[in-house]
Amino acid sequence: ALLGQQMPPTFQEAWYAAALNRLKSENPRDQFNQQELANIFYGHAKLGQPMPHSFQEAWYAAVLNRLKSKNPSDQFDHQALTNIFYGHVQLGQQMPPTFQKAWYTAALNLLNSKSPRDQFNQQALANIFYGHAQLGQKMPPTFQKAWYTAALNRLNSKSPRDQFNQQALANIFYGHVLLGQLMHPDFEMAWYAAALNRLKSPNPRDQFNQQELSNIFYGHALLQKEIPQDWINPLFNVLSTTESIKCMSSIYRGLSYFNLLEDLNSDPQRKRKYDAFCKRKNIPSKGSNLQTSVKGTLGELFPDEFQEEHWFDSLVAHVDFYSPQQNLVVEVDGPSHFIEKTYRYNAQTLLRDRILEKSDRVKVVHVPYFEWAPLRNDSEKKQYLMRKVRSLDSEFSSSFSQEPSSSS
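Residues numbered from 1 in each chain as written. Predicted model: local features only at pLDDT ≥ 70, side-chain atom pairs only at ≥ 80, totals over all residues. Heavy atoms only, no water.

Novice: Explanation requested: the packing of aromatic side chains in the structure shown.
Specialist: The geometry of an aromatic ring pair is captured by two quantities: the separation of the ring centres and the angle between the planes. Counted under the stated rule, the structure contains 33 aromatic pairs. Seen in terms of ring centroids, Tyr16 and Phe55 are 5.1 Å apart; in terms of plane orientation they differ by 70°. Their pairing is edge-to-face. Taken together, the residues span a long stretch of sequence, with Tyr16 in helix α1 (residues 9-24) and Phe55 in helix α3 (residues 53-68) at a distance of 39 residues. With a relative accessible area of 10%, Tyr16 lands in the buried category. The ring of Phe277 is capped by Arg280, whose NZ or CZ atom sits 4.9 Å from the centre of that ring. When the ring centre of Tyr257 is taken as reference, the NZ or CZ atom of Lys358 above it lies at 4.0 Å. (Phe/Tyr/Trp six-rings, centres within 6.5 Å; stacked < 30°, edge-to-face > 60°. Helix = DSSP H or I, 4+ residues; strand = E, 2+ residues; numbered from the N terminus. Buried < 20%, exposed > 50% of the residue type's maximum accessible area, 1.4 Å probe, protein only. Lys NZ or Arg CZ within 6 Å of the ring centre and 35° of its normal.)

Structure (structure tokens):
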């Protein structure tokens with residue numbers, strides 16, 4: 001799994017047979033230990049490969065025996081419990097009810113433990129919360145209360161070793177957004193303070209990256225919350241120091257949504273950097289093979305109507321295709337537009353659409369890669385695009401809080 005490499009079929013068949021014999025053995029000396037059981041499942045998740053049915057049943061039985069055991073030496077540690085849970089998330093797979101109940105009991109015992117060695121670390125806490133959000137599943141009330149207590153202790157700690165990193169902070173915030181769940185006031189205050197410390201840090205390694213910034217900006221947009229005033233100057237300072245095009249793009253896009261781009265004019269250095277960034281409008285990006293394929297079909301359906309790589313000042317970026325006559329954008333969405341291992345649009349793409357719809361009243365048609373690839377010939381491709389365009393009235397009459405439709 002660490003190599004991202006599948007076992008050869010014959011070898012894999014023999015491995016499953018040998019491992020299954022271990023799982024079913026009555027001899028305790030033959031059994032996999034807790035770490036091995038967790039690694040087997042998490043390895044399958046890393047490869048995006050579900051376990052065979054009979055093997056999975058035996059694995060659940062073996063792990064459930066450990067989870068229910070009264071012997072401390074049989075119990076999973078915090079890392080193993082996290083990997084088991086997040087492995088289910090990566091596979092998009094719910095835990096069976098009895099197994100899930102036992103997992104929560106074991107994890108709650110660690111959350112409530114007074115021993116620092118038992119506690120979930122920052123990454124584990126963030127993964128557990130964000131994993132629930134990805135599954136659209138709220139934590140049970142008792143577990144949630146213990147999670148907030150543990151996470152708040154980390155947020156309020158003066159020790160840098162206890163603090164959440166940028167990805168963890170962004171995932172916790174965006175997880176609340178995905179679940180439609182507000183942060184508790186004291187937790188929210190501590191979260192904003194920790195995030196502000198990251199924004200103010202002169203160390204580039206402390207800074208949020210493009211996707212993390214997009215998650216935060218889009219989350220604020222969905223919650224109809226303004227960006228805190230004390231974040232504005234730190235964001236501008238990041239723009240002054242970073243050389244990352246992706247990071248600058250995310251910040252400019254966020255400032256655009258919250259009508260803060262004009263504030264750049266008050267500082268000549270910031271204005272110069274923004275103007276230099278906008279010169280990218282004259283350097284269209286190179287389209288993918290997927291985009292080229294869609295371009296050919298669009299050209300046949302609507303000759304000379306769509307402009308490729310059209311620049312929108314509100315986005316501070318190009319879109320794939322734009323029709324001024326219809327005020328219509330066609331976006332060709334490859335894998336980078338989706339949350340990893342899902343067909344759910346990521347925050348960067350969703351914020352792009354919100355800005356286009358809010359600032360320019362533009363209608364957006366999405367062509368996801370997984371819908372376009374199966375189309376077998378020009379006729380099917382033309383029919384597909386026509387259905388997309390004709391469905392605009394129903395697709396875009398709802399509020400901006402709706403995610404882009406990915407159905408054909």
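Novice: Sorry, what's going on with the environment of Gly219 here?
Specialist: Structurally, Gly219 can be placed in helix α10 (residues 210-223). A residue is classified by how much of its surface remains accessible, and Gly219, at 0% relative accessible area, is buried. When the C-alpha atoms of Gly219 and Tyr174 are compared, they prove to be 5.9 Å apart, with 45 residues separating the residues in sequence. Not counting chain neighbours up to four residues away, the residues in contact with Gly219 comprise Phe173, Val177 and Ser214. (Contact = heavy atoms within 4.5 Å.)

Novice: Can you help me understand the packing of helix α14 (residues 289-301) against helix α17 (residues 378-390) in this one?
Specialist: Packed helices, taken two at a time, are described by their axes: the angle between them and the distance between them. Where α14 meets α17, the closest approach of the two axes is 10 Å, and the angle between their N-to-C directions is 75°. Taken together, the axes of α14 and α17 are roughly perpendicular relative to one another. Here α14 contributes Ser293, Val294, Thr297, Leu298, Glu300 and Leu301 to the contact with α17, which in turn contributes Asp378, Lys381, Lys382, Leu385 and Met386. Class assignment of the residues belonging to the contact of α14 with α17 gives a composition of five nonpolar, two polar and four charged. (Axes fitted to C-alpha atoms, helices over the stretch in contact; angles between N-to-C directions. Parallel < 35°, antiparallel > 145°, perpendicular 65-115°, else oblique. Nonpolar A, V, L, I, M, F, W, Y, C, P; charged D, E, K, R; others polar.)

Novice: Looking at this model, I keep getting lost on the packing of helix α8 (residues 166-179) against α10. Mind explaining?
Specialist: Packing of α8 against α10 leaves a shortest axis separation of 9 Å and a crossing angle of 25°. Relative to α10, the element α8 is oriented roughly parallel. In the crossing of α8 with α10, the sense of the turn from one axis to the other is left-handed. Contacts between α8 and α10 involve Gln166, Gln167, Ala170, Asn171, Phe173, Tyr174 and Val177 from the first element and Glu212, Asn215, Ile216, Tyr218, Gly219, His220, Leu222 and Leu223 from the second. Here the contact of α8 with α10 is composed, by residue class, of eight nonpolar, six polar and one charged. (Left-handed = near helix turned anticlockwise from the far one by under 90°.)

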